[in-house]
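Take a look at the letters that make up each chain.
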Amino acid sequence: MTAIQHVDVGGAAPYRIAIGPGLLQDGALLAATLRGRHALIASDGNVAPRYLHRVEAALRMARSDVRIGRHVVAPGEAEKTLGNFAATLDALAGLGATRDACVFALGGGVLGDLAGFAAACWMRGIDVVQLPTTLLAMVDSSVGGKTAVDLPQGKNLVGAFHPPRAVVADTTTLRSLPPRELRAGFAEVVKYGAIVDAPFLAWLDTHAEALLAGDDVLLAKAIARSCAHKAAIVERDPFEHGERALLNFGHTFGHAIEAEQGYADGLNHGEAVAVGMVLAARLSTALGLADAGDGDRLQALLARFGLPTTVPAGLDPAALLARMRLDKKAQASGLRFVLWEGAGKARVVAEVDEGAVLGVLRG
Ligand code: NAD
Ligand code: GLY
C-alpha cells in the first residue's frame, strides 16, 4: 500500500503537491481548491476517455453547485498550439467562467502547459489545478508554474508564469501510460540527480528495473524526491532569474531537436532531453568542466531507462545550432548552456563557443 505523500511549494503563492493512488476520486481534495462555481476540466483524447469522468464525478459529489465544463484536445506535442489555446479560451467563454473559476488540467505536460496558459490569460488569470497523468508531468511540468504553447519557430515561445493552486498526482494513472512515455519521464527524474542529487543517481541505478516495471512504492518515492527538488528550486527562484535555469539541463539541445523534428514525429520531450543531457555532458567535457567518465556514466544510466542518448540520424548540426540561437535560454550575447561538473553539480555558462557546440553535435 502506498501512502499519500505531500510536498509543499512555498513562496508568494504557496501550494501543495499531493502524490498517491486514487487521488482523482478524492472529491474533497479536488473541491478544496475551488473558489467559485465554474470548473473546466481540460484533457486530451487519450486521457479523457480513461479519467475525465472520474474527476467530474468526484467534483460533482463534493460540490453539486458547481457548473462543470469539459474540453478535450487531440493528444501530442503538435497540439500545443495557439489554435488550441484559443479553443480553450472559447471553452471558458462557453462555460461563462468568472474570475473565480478553475481549470483542472488533466493530462501530461502538453495539456498542462496548454490549459495552464489559458488559465493564466482568461480574465488576466484564473486558478489552475494540475492533475498530471504522465510521469514527466508529475515530476516536472505540473510544478513551478511555467505554462506555454509552441510556435513553428520554437518550443514554448509564448507563455506565462502561472503557478497552480494545487497539484494532485494520482499515481494509478501511470498504469495506463504507454511504456515509451513512462521511460520518457525518467529523463527528467535523472535530471534532478544530475544537477543536484548525486545519491539519487545511484538509487535510480539500483532500482531502474523495478521502476520501469511500475513498482508503485518506488515510483511514488522517485516522484516525491523529484518534486521536492523542483519545489525547493522554484521556491527560491520562481521566475528563473538564476538557479531555476539549472532545471533546463539538457533542454537547449533537446528543444532544438524537438523543433527541428517539427514536434510531430521523432523523439518526444523526455527522449530529446535525455539526448540533450548527454550532449551537455559532452560539451562540459570539451570545455574542461567535467571528466569524460561522468558523461559515460550518465549516458549508461539513461540507456538503462531505455532512453536514446545520441542525436537522431538525419538532423543537420548547423540547423540545430540555428534553433538554439532562438531558444529562450540564449541571450543577445550568445548561447547559454547549463553545463555540469559531474554528478549533482551544474551551472549556467554564458557565451559558449559555437564551434564547441557544433563539435559535440557532430559527435
Ligand atoms: P504528453 O502530454 O504529450 O503525454 C504523452 C502521451 O501520453 C500523450 O499521447 C498523452 O495523451 C498520453 N497520456 C498521458 N497520460 C496518460 C495516461 N495516464 N495513460 C495513457 N496515456 C496517457 O507528454 P509529457 O511527456 O507528459 O509532457 C511533455 C510536455 O511537457 C512538453 O510539451 C514539454 O515542453 C512540457 N514540459 C513543461 C515543463 C514545465 O515546467 N511547464 C517541464 C517539462 C516539460
Ligand atoms: N522544466 C524547467 C522549469 O520548470 O524551470
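Conventions and cut-offs
Residues numbered from 1 in each chain as written. Chains lettered and ligands numbered in written order. Predicted model: local features only at pLDDT ≥ 70, side-chain atom pairs only at ≥ 80, totals over all residues. Heavy atoms only, no water. Helix = DSSP H or I, 4+ residues; strand = E, 2+ residues; numbered from the N terminus. Rg over C-alpha atoms; globule rule 2.2 N^0.38 Å. Buried < 20%, exposed > 50% of the residue type's maximum accessible area, 1.4 Å probe, protein only. Contact = heavy atoms within 4.5 Å. Lys, Arg positive; Asp, Glu negative; His and termini not counted. Charge placed at Lys NZ, Arg CZ, Asp CG, Glu CD. Axes fitted to C-alpha atoms, helices over the stretch in contact; angles between N-to-C directions. Parallel < 35°, antiparallel > 145°, perpendicular 65-115°, else oblique. Left-handed = near helix turned anticlockwise from the far one by under 90°. Nonpolar A, V, L, I, M, F, W, Y, C, P; charged D, E, K, R; others polar. 1 Å grid on protein atoms, 1.4 Å probe; cavity = no way out; pocket = protein on both sides within 12 Å on 5 of 7 lines; lining within 4 Å. Points joined across faces, edges and corners; volume = space filled by probe spheres on them. Core = buried A, V, L, I, M, F, W, Y, C linked by side-chain atoms within 4.5 Å. Salt bridge = Lys/Arg side-chain N within 4 Å of Asp/Glu carboxyl O. Near = heavy atom within 4 Å. Polar contact = N/O pair within 3.5 Å; in protein donor to acceptor, adjacent residues only side chain to side chain. Expected span 1.5 Å × (residues − 1). Arc of directions from axis to C-beta. Pairing = 2+ DSSP bridges.

Participant: Any details on the overall build of the protein? Residues and values, ideally.
Facilitator: A tally of helices and strands in the protein yields 13 helices and 11 strands. Over its C-alpha trace the protein gives a radius of gyration of 20 Å, about what one expects of a compact globule, namely 21 Å for 363 residues. By its C-alpha atoms, the protein is 60 × 45 × 35 Å across when sized along the principal axes. Residues classed as buried in the protein amount to 58% of the 363 residues present. The contacts of the protein with a sequence gap of at least 6 include a subset with a gap of at least 24, amounting to 75%. For the protein, the distance from the average site of its 35 positive side-chain charges to the average site of its 38 negative ones is 4 Å.

Participant: Outline the packing of helix H12 (residues 317–325) against helix H13 (residues 354–361), supporting the account with residue identities and numerical values.
Facilitator: Taken N-terminus to C-terminus, the directions of H12 and H13 make an angle of 130°; their axes are 9 Å apart at the nearest point. On the basis of their axis angle, the class for H12 and H13 is oblique. Considering only the axes of H12 and H13, their crossing is right-handed. For the pair H12 and H13, contact is made by Pro317, Ala318, Leu320, Leu321, Met324 and Arg325 and by Glu354, Val357, Leu358 and Leu361, respectively. Taken together, the residues that form the contact of H12 with H13 break down as 8 nonpolar, no polar and 2 charged.

Participant: An account of empty space enclosed by the protein is needed here, citing residue identities and associated values.
Facilitator: Summed over all chains, the structure comprises 2 cavities of 30 Å³ or more. A volume near 100 Å³ is recorded for the largest cavity. If you trace the largest cavity, you find 13 residues lining it, with Gly154, Lys155, His255, Arg323 and Asp327 closest to the centre. Within the residue set of the lining of the largest cavity, elements represented by two or more residues are strand E8 (154–161), helix H9 (251–260) and H12. Of the residues forming the lining of the largest cavity, the biggest block, 4 residues, is contributed by H9. Class assignment of the residues belonging to the lining of the largest cavity gives a composition of 5 nonpolar, 4 polar and 4 charged.

Participant: Explain the nonpolar core to me, and be specific about the residues and the numbers.
Facilitator: Among soluble globular proteins, nonpolar side chains are generally buried collectively. The biggest cluster of nonpolar side chains holds 76 residues, and the ones touching the most others in it are Phe253 and Val357. When residues of this core are assigned to their parent elements, the largest contribution, 10 residues, is made by helix H10 (residues 269–286). Among all residues touching valine 357, those that are not within four sequence positions of it are Phe253, Leu283, Leu321, Met324, Leu335, Phe337 and Val352. Residues Ala18, Leu23, Ala31 and Ala58 belong to the second largest nonpolar core, which totals 24 residues.

Participant: How would you sum up the pattern of salt bridges? Please name residues and give values.
Facilitator: Under the counting rule described, the total for this entry stands at 26 salt bridges. One salt bridge in this structure joins arginine 63 and aspartate 65, with 2.8 Å as the shortest N-O distance. Given a relative accessible area of 37%, aspartate 65 falls into the partly exposed group. The partner of aspartate 127 in a salt bridge is arginine 165, with the nearest N and O atoms 3.5 Å apart.

Participant: Could you give me a rundown of the site of ligand 2, with the residues and numbers involved?
Facilitator: Lining the immediate surroundings of ligand 2 are Asp140, Lys146, Lys230, Glu240, Arg244, Leu247 and Asn248. The side chain of lysine 146 places a nitrogen or oxygen atom 2.9 Å from an oxygen atom of ligand 2. In the model, an oxygen atom of ligand 2 is placed 2.8 Å from a nitrogen or oxygen of the arginine 244 side chain. For the shell around ligand 2, the class distribution of residues is 1 nonpolar, 1 polar and 5 charged.

Participant: Please give an account of helix H2 (residues 48–62) that cites residues and values.
Facilitator: With 15 residues, H2 should reach 21 Å at 1.5 Å per residue; the first-to-last C-alpha distance of 20 Å fits that figure. Listed as buried for H2 are Ala48, Tyr51, Leu52, Val55, Glu56, Ala58 and Leu59. End-on view of H2: buried residues confined to an arc of 165°, all on one side of the axis. More than 90 degrees from the buried face of H2, the exposed residues found are Pro49 and Met61. The secondary structure elements touched by the buried residues of H2 are helix H1 (27–31), strand E3 (38–44), strand E4 (67–73), strand E5 (102–107) and strand E6 (127–132).

Participant: Describe the pairing of strand E1 (residues 5–9), with residues and values.
Facilitator: Bridging between E1 and strand E2 (residues 15–20) involves 5 bridges; their strand directions are antiparallel. Paired with valine 9 across the strands is tyrosine 15, a residue of E2. Taken together, E1 and the strand that follows it, E2, pair antiparallel across an intervening segment of 5 residues, in which glycine 11 is found at a positive phi of about 110°.

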